[in-house]
Amino acid sequence: MGSFSEFDHLHDHLERMWDRLMGGPPGQPRFRPPMIEPQTDVYQTGDAVVVIMEITGMRGQDVELSINDGLLTVRGDKQEPHHHGDRVYTQVEIGRGPFERTVALPALVDGDAVSLRYEDGLLEITLPKRQLTTGHHIKVTVKES
């Protein structure tokens, strides 16, 4: 991916973060709860692109994946665990609520053949690479009419 498209991706990412931070009518900014952006690793093998995302507490929860223009977006909602009884927190650091993360994919992938694995709080997304068809040869016999 060229550096210009990487810059565009970074610019879009920063604008989305600013929009999340500042809400309300123009001229009257207010702070919103932040959208969680999970820590993410991306690597590729000879035949796949693998994305590993740290999202603890998601077993049995829904996660939405979308692939568009070489970008993978993962969305979900880390629900508050169900606790019985009254609790008064004096410290809250564990991120809960909606999360979203978009990463650039380093190769063309087959989004229809994605596989997921979730273990120890890590979501592993394996996307098989798709071969780019740059052209092919066709043999044609021309006949006189």
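Here the residue numbering is sequential within each chain, running from 1 through the sequence in written order. Totals for whole chains, interfaces and linings use all residues, but because this is a predicted model, local features are given only for residues with pLDDT of at least 70 and pairs of side-chain atoms are given and counted only at 80 or more. With hydrogens and water set aside, each side-chain value is computed from the structure's full complement of heavy atoms.

### So, the sheet that holds strand β4 (residues 48-54)
Sheet strands pair by backbone hydrogen bonding; their relative direction is either parallel or antiparallel. The cut-off we apply is this: Only strands that DSSP links by at least two bridges are regarded as paired with each other. Put simply, DSSP H or I for four residues or longer makes a helix, DSSP E for two residues or longer makes a strand, and each gets a number counted from the N terminus. An axis is simply a line fitted to the C-alpha atoms; with a helix, the fit covers only the stretch in contact. Between two such axes, the angle follows the N-to-C directions and lies from 0 to 180 degrees.
In spatial order, the strands read β3-β4-β9-β8; together these four strands make up an open sheet with antiparallel pairing. The open sheet has two free edges, formed respectively by β3 (40-44) and β8 (115-119), since each of these has just one partner strand. The mean angle between the axes of side-by-side strands here comes to 15°, regardless of whether they run parallel or antiparallel. Note: β3 against β4, five bridges, orientation antiparallel. Within β4, the residue paired with Tyr43 across the bridge is Val50.

### Some points on the side chain of Thr73
Convention followed: Under the rule applied, a polar contact is a pair of N or O atoms within 3.5 Å (in protein, one hydrogen donor and one hydrogen acceptor; residues adjacent in sequence only if both atoms are side-chain atoms). In this description, contact between two residues means that some pair of their heavy atoms is separated by no more than 4.5 Å.
Tracing the chain through its elements places Thr73 in strand β6 (residues 71-78). In terms of polar contacts, Thr73 uses its side chain to reach the side chain of Thr102, at 2.9 Å. Not counting the four nearest positions on each side in its chain, Thr73 is found in contact with Glu64, Leu65, Ser66, Glu100, Arg101 and Thr102.

### Section: the pairing of β6
One ladder, built from six bridges, connects strand β5 (residues 63-68) with β6; its direction is antiparallel. Along β6, the bridge assignment pairs Ser66 with Thr73. What sits between β5 and β6 in their antiparallel hairpin is a turn of two residues, with Asp69 showing a positive phi close to 50°. Relative to strand β7 (residues 97-104), β6 runs antiparallel, the two sharing eight bridges. Paired with Asp77 across the strands is Pro98, a residue of β7.

### Considerations on the environment of Gly121
What counts here: Burial classes: relative accessible area under 20% of the type maximum marks a residue as buried, over 50% as exposed, and values in between as partly exposed (1.4 Å probe, protein chains only).
Tracing the chain through its elements places Gly121 in the loop between β8 and β9 (122-128). Given a relative accessible area of 9%, Gly121 falls into the buried group. When the C-alpha atoms of Gly121 and Ile55 are compared, they prove to be 5.5 Å apart, with 66 residues separating the residues in sequence. Aside from chain neighbours lying at most four places away, what touches Gly121 is Met53, Glu54, Ile55 and Thr56.

### Details of the sheet that holds β7
One open sheet accounts for three strands, arranged β5-β6-β7; its pairing is antiparallel. Because the sheet does not close on itself, it has two edges, and the strands there are β5 and β7. In this sheet, neighbouring strand axes are inclined to one another by 15° on average, regardless of whether the strands run parallel or antiparallel.

### A few points about the layout of surface pockets
Over the atoms rolls a probe the size of a water molecule, and its path tells where empty space is left. Just so we agree on the cut-off: In this analysis the probe radius is 1.4 Å and the grid spacing 1 Å, with only protein atoms considered; a cavity is a set of points the probe fits into but cannot get out of, a pocket is an open set with protein on both sides within 12 Å along at least five of seven lines, and lining residues have an atom within 4 Å of a point. Grid points are joined across faces, edges and corners, and a volume is the space filled by probe spheres set on the points. Three categories are distinguished: nonpolar for Ala, Val, Leu, Ile, Met, Phe, Trp, Tyr, Cys and Pro, charged for Asp, Glu, Lys and Arg, and polar for the others, with Gly belonging to the last.
For the largest pocket, the calculated volume is near 210 Å³. Taken together, twelve residues line the largest pocket, and the ones lying closest to its centre are His9, Asp12, Arg16, Leu71 and Thr102. Grouping the constituent residues of the lining of the largest pocket by class yields two nonpolar, four polar and six charged. Quantified by volume, the second largest pocket comes out at close to 150 Å³. Around the second largest pocket sit ten residues that line it, and Val42, Val103, Ala104, Leu105 and Pro106 are the ones nearest its centre. When contributions to the lining of the second largest pocket are tallied by element, the ones reaching two or more residues are β3 and β7.

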